[in-house]
Structures are given as structure tokens and as C-alpha cells.
Amino acid sequence: MAAYLCPPAVIHGEHTVETSDIVTEVRERHPHAAWAPRIDGIAASTGIETRGWMLPLEAAVAPGNGGGLRAVGIGSAQEALARDGFTQQDVDRVITALEAIPAPQTVQERTAPAWEAVQSYGERAARGALQIAGLDAADIDCVITSHSTTPALPGLDVALANKLPLRKDVLLLPATQWACIAGTRSLALAADLVAADPDRVVLVVIAEALSTTYQPADDTLESLIVRLLFADTAVAAVVTGRPRRESVLRLDATWHHTLPGTQDLHRLETRTDGTHFVMDRRGPRAVQETVAAMWEWLRVRYQDDPDSWHPDVLLAHPGGTRVLEYMEKTMPDAWPSGLLDYSRDSYTSGNRGGAAVFDILRRAHDAGQKPGSRAVLYAAAPGLTATALEGKWL
């Protein structure tokens with residue numbers, strides 16, 4: 001297998017959201033939560049001071065357009081009160097009071113503007129990737145897209161087909177449930193596609209509005225952590241079967257791994273007030289199992305050269321700092337230090353989900369890499385599943 005990757009375009013969320021603003025909002029909303037006295041320490045432990053969102057924080061915490069009676073309706077409430085013996089004057093007073101209670105945003109109110117932003121950011125990233133690769137939309141044979149936080153049908157693939165515009169015979173491959181693994185798995189799929197036809201040109205576009213998982217009413221510790229972690233980003237890159245002047249990385253091998261019985265550790269749940277990201281504390285340990293399996297894949301792949309082979313850069317999105325620390329502790333002692341520097345640098349401005357690996361790759365590219373340097377790309381996602389790629393800088 002040999003696939004050639006051009007530098008990715010990365011579009012960060014344009015609305016800067018400070019951790020201090022999140023802490024203030026959460027503290028005012030949940031002053032009696034069990035974790036309230038520890039909120040400053042919890043926020044500091046993430047190592048994230050600011051992140052970019054596609055929409056401002058105010059959009060996430062605003063009440064819905066309806067009042068407190070939206071679910072049952074004014075008519076039903078009036079009938080119930082009248083049956084209970086309330087006078088018409090009392091009914092009117094109660095209805096007025098209940099209507100004044102702010103209602104949370106509905107799924108539609110929360111998701112619709114985020115979906116519009118995902119399409120806009122995705123288009124900008126796609127156009128940026130085409131410009132970087134020196135190509136036009138008409139040169140693209142296949143588009144792979146992912147956007148797990150704003151479910152829509154048709155999805156981002158069809159939106160891009162109309163906005164760019166792409167040729168009518170372009171193969172569209174939407175993968176809306178890849179989530180955090182979208183970066184590596186889309187590259188693995190693109191590599192397979194160009195291996196089958198080296199003249200094929202594949203455009204990968206990932207746009208995630210992870211801020212839609214910010215749920216103001218949720219007072220669990222896990223929800224607090226979700227509020228603090230996520231950033232919004234759109235990324236795109238071109239993959240070809242033959243080297244181009246703009247190519248920067250050759251992808252030589254891919255690896256996939258799925259842990260059975262771990263599907264409940266991380267998941268998205270759609271509730272009346274929108275999308276919730278649910279985490280289990282066992283999650284990091286399960287991710288560590290996939291890291292150990294990846295080390296074994298690399299050991300076997302280079303078993304004829306065990307003492308001298310090592311990656312020169314490790315572009316990893318394991319979901320959090322705990323797993324990054326585990327990776328550093330468990331990689332072979334002979335490997336150089338600093339392999340995860342770009343991964344750590346990306347994480348300081350938020351967890352970007354499926355867009356993370358492309359953002360990390362862009363940081364490594366911008367810093368400059370020597371031709372022939374070896375790279376390993378890795379990501380894990382809810383499922384629990386992981387994909388890694390190995391290649392060389394050009």
C-alpha cells in the first residue's frame with residue numbers, strides 16, 4: 001500500500017471560549033452540585049485554558065424559544081387546572097407564571113444552527129485543502145466525510161457535492177459515526193481506495209461541532225468534564241495514489257482494532273434537550289488496551305529491525321492526557337522523547353474529536369519534518385475501536 005497525503009486545511013472554531021467563562025457559568029447554574037467545591041481544580045487538571053467553538057457560549061446556554069408549558073401545551077394545562085377547581089382568574093395567573101419559566105432548548109433549536117455551521121466550516125476546509133493540493137473540485141473522484149455531532153440526512157457529503165460543486169459521478173462516502181477515529185480511519189479508507197486505482201483522487205472532510213454536547217442542565221461530574229474538554233474544528237485533506245509536488249506524507253500501512261464489550265464506555269445520547277456525550281470512568285483503561293495492541297502491531301511489523309526502528313513523530317488522539325501519559329510510559333525505552341509533543345500541543349486548546357489527528361498532523365508539518373522521517377498516526381473512538389497508520393515524510 002502506498003497513498004500520498006497533502007497537508008490538511010484546518011479551520012478552528014472562531015468563537016473563543018475561555019475555561020474561566022465555562023467555570024463561571026457552571027458554578028452559577030449548579031452551586032450545590034457535589035463537585036462544586038472542586039470545580040477549579042477539575043478545570044485546571046484538563047490543561048485547557050481556551051478553545052474555539054463554531055457558535056458562542058451564549059448560544060449553548062440560552063433558553064429555548066418556548067415557555068415552561070411547551071411540552072404539555074397551554075390548552076391541556078388550562079383544562080387540568082379547571083378540572084381541579086381553579087377559578088378562571090387563578091388559571092390565567094398560573095398559566096402566565098408557568099409560561100414565564102424558561103424552557104431548555106429543544107434538539108432542533110440546538111442542532112439546527114450547529115448543522116449550518118458544520119456545513120459552512122466543512123466547505124471552507126474542503127476549499128482550503130483543494131487549494132493546498134493545487135487541485136479543483138472537478139479533479140476529485142471520491143469524498144469521505146464525517147460529522148457525528150450533528151446528525152443529518154442528507155449529510156455533509158451531499159452538502160459539499162452541491163457547494164463546491166463536485167462532478168456528478170463523484171463517489172460520496174459519509175461516515176457519520178466514526179467520531180474520534182474519523183481522522184485515521186478516513187485516511188485508511190482513502191489509502192485502500194487509491195491502492196485499487198492509483199489515479200483516483202480522494203478528498204477527506206471532517207467537521208465536528210462538539211460544543212453541541214454542552215448541556216447546561218446536566219449536573220453530573222461527567223457532564224462537567226465534557227463541558228471543559230471539547231472544541232469545534234473542521235479539517236480536510238487530499239489523498240492520492242501517486243505522489244504530487246504538494247504531497248508531504250506517504251502512508252504505507254494501516255491497522256485496526258476493536259475491543260468487544262466496550263460499546264457503553266463512551267457514547268452519544270439524544271435527549272429532549274439535545275445531544276449528551278456520556279463517559280464511563282473505565283474508558284481510559286480500555287483505550288490503553290488498544291495502545292498496547294498498537295505497540296504489538298509495530299513490534300511485529302519491524303521485528304527484523306527491533307533495535308533501530310522507531311517513529312520520529314507520533315500523531316495520536318487517544319482522547320485525553322491520561323492515555324498520552326500511558327503511551328509515553330509504555331513505548332520502548334530506546335525510542336526518543338518528545339514523540340507526542342504535537343499531540344499535547346493540540347490538546348491544550350481542546351479535544352477536537354475526529355478532526356484532532358489532522359490538526360496534530362498540520363502542527364507537525366508546519367514545524368518542519370525531515371524527508372524520510374517516520375510517522376505513526378493513531379486514534380481511538382467510542383466502540384471501543386482504534387485505527388493507526390504508519391508512513392514516512394516526503
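Refer to the structure presented above.
Scoring rules and cut-offs
Residues numbered from 1 in each chain as written. Predicted model: local features only at pLDDT ≥ 70, side-chain atom pairs only at ≥ 80, totals over all residues. Heavy atoms only, no water. Buried < 20%, exposed > 50% of the residue type's maximum accessible area, 1.4 Å probe, protein only. Helix = DSSP H or I, 4+ residues; strand = E, 2+ residues; numbered from the N terminus. Pairing = 2+ DSSP bridges. Salt bridge = Lys/Arg side-chain N within 4 Å of Asp/Glu carboxyl O. 1 Å grid on protein atoms, 1.4 Å probe; cavity = no way out; pocket = protein on both sides within 12 Å on 5 of 7 lines; lining within 4 Å. Points joined across faces, edges and corners; volume = space filled by probe spheres on them. Nonpolar A, V, L, I, M, F, W, Y, C, P; charged D, E, K, R; others polar. Lys, Arg positive; Asp, Glu negative; His and termini not counted. Polar contact = N/O pair within 3.5 Å; in protein donor to acceptor, adjacent residues only side chain to side chain. Axes fitted to C-alpha atoms, helices over the stretch in contact; angles between N-to-C directions. Parallel < 35°, antiparallel > 145°, perpendicular 65-115°, else oblique. Left-handed = near helix turned anticlockwise from the far one by under 90°. Contact = heavy atoms within 4.5 Å. Phe/Tyr/Trp six-rings, centres within 6.5 Å; stacked < 30°, edge-to-face > 60°. Lys NZ or Arg CZ within 6 Å of the ring centre and 35° of its normal.

> Tell me about the pairing of strand 12 (residues 313-317), and name the residues and values.
Side-chain direction in a regular strand flips from residue to residue, so the side chains alternate between the two faces of the sheet. Most of strand 12 is tucked away: 5 of the 5 residues are buried. Residues of strand 12 alternate between two faces, with Val 313, Leu 315 and His 317 on one and Leu 314 and Ala 316 on the opposite face, all of them buried. Where strand 12 lies against strand 13 (residues 374-381), 5 bridges are found, and the strand directions are parallel. Among the inter-strand pairings, His 317 is bridged to a residue of strand 13, identified as Ala 379.

> Could you give an account of the pattern of salt bridges, with specific residues and numbers?
Side-chain pairs of opposite charge can arise whenever the charged atoms involved come near each other. Counted by the stated rule, this structure contains 19 salt bridges. Here Arg 267 and Glu 269 are joined by a salt bridge, their closest N and O atoms 2.9 Å apart. For Arg 267, a relative accessible area of 29% corresponds to the partly exposed category. We classify Glu 269 as partly exposed; its relative accessible area is 25%. A salt bridge links Asp 345 to Arg 363; the nearest nitrogen and oxygen atoms lie 2.7 Å apart. Highlighted residues: Asp 345 in helix 12 (residues 341-347) and Arg 363 in helix 13 (residues 356-367), separated in sequence by 18 residues. A residue is classified by how much of its surface remains accessible, and Asp 345, at 37% relative accessible area, is partly exposed. Overlapping salt bridges, with partners in common, bring together Asp 345, Arg 352, Asp 359 and Arg 363 in one network.

> Give me empty space enclosed by the protein: which residues, what numbers.
Summary: where empty space remains is shown by rolling a probe the size of a single water molecule over the atoms. Counted by the stated rule, this structure contains 1 cavity of 30 Å³ or more. Put simply, the largest cavity is a space of about 60 Å³. Forming the walls of the largest cavity are Ala 316, His 317, Pro 318, Leu 324, Ser 343, Ser 346, Tyr 347, Gly 350, Asn 351, Arg 352, Ala 356 and Ile 360. Secondary structure elements with two or more residues in the lining of the largest cavity: strand 12, helix 12 and helix 13. Looking at the lining of the largest cavity element by element, the count peaks at 3 residues for helix 12. Of the residues that constitute the lining of the largest cavity, the class distribution is 6 nonpolar, 5 polar and 1 charged.

> Tell me what's going on with the side chain of Arg 51, and back it up with residues and numbers.
Its location among the elements puts Arg 51 in strand 4 (residues 50-53). The side chain of Arg 51 sits in the buried core without any salt bridge; Glu 18 is the nearest counter-charge, 6.2 Å away. Polar side-chain contacts of Arg 51 include one of 2.6 Å to the backbone oxygen of Leu 228.

> Explain the packing of helix 4 (residues 74-83) against helix 5 (residues 88-99) to me, and be specific about the residues and the numbers.
How two helices sit against one another is set out by the angle between their axes and by the gap between those axes. The geometry of helix 4 relative to helix 5 is characterised by a closest axis approach of 10 Å and an angle of 140° between their N-to-C directions. Our classification of the angle between helix 4 and helix 5 gives oblique. Here helix 4 and helix 5 pass one another in a crossing that is right-handed. Contact with helix 4, carried on its side by Ile 74, Ala 77, Gln 78, Leu 81 and Ala 82, involves Val 91, Val 94, Ile 95 and Glu 99 of helix 5 and no other residues of that element. When the residues that make up the contact of helix 4 with helix 5 are grouped by side-chain class, the tally is 7 nonpolar, 1 polar and 1 charged.

> Explain the packing of aromatic side chains to me, using residue names and the numbers behind them.
Enumeration over the complete set of coordinates arrives at 6 aromatic pairs. Arranged with centres 6.0 Å apart and planes meeting at 25°, the rings of Trp 255 and Trp 297 form a pair that is stacked. Taken together, the residues span a long stretch of sequence, with Trp 255 in strand 9 (residues 249-258) and Trp 297 in helix 10 (residues 283-301) at a distance of 42 residues. Across the pair, exposure class does not vary: Trp 255 and Trp 297 are buried alike. Between Trp 309 and Trp 335, the aromatic rings sit 5.9 Å apart at their centres with planes inclined by 75°, giving edge-to-face as the arrangement. You can see Trp 309 sitting in the loop between helix 10 and strand 12 and its partner Trp 335 sitting in the loop between helix 11 (321-330) and helix 12, a full 26 residues away along the chain. Cluster of aromatic residues (ring-pair linked, three or more members): Trp 295, Tyr 302, Trp 309 and Trp 335. Here Arg 124 stacks its cationic end above the ring of Tyr 121, 5.0 Å away from the centre of that ring. The ring of Tyr 214 has Arg 227 lying over it, and the distance from NZ or CZ to the ring centre is 5.3 Å.

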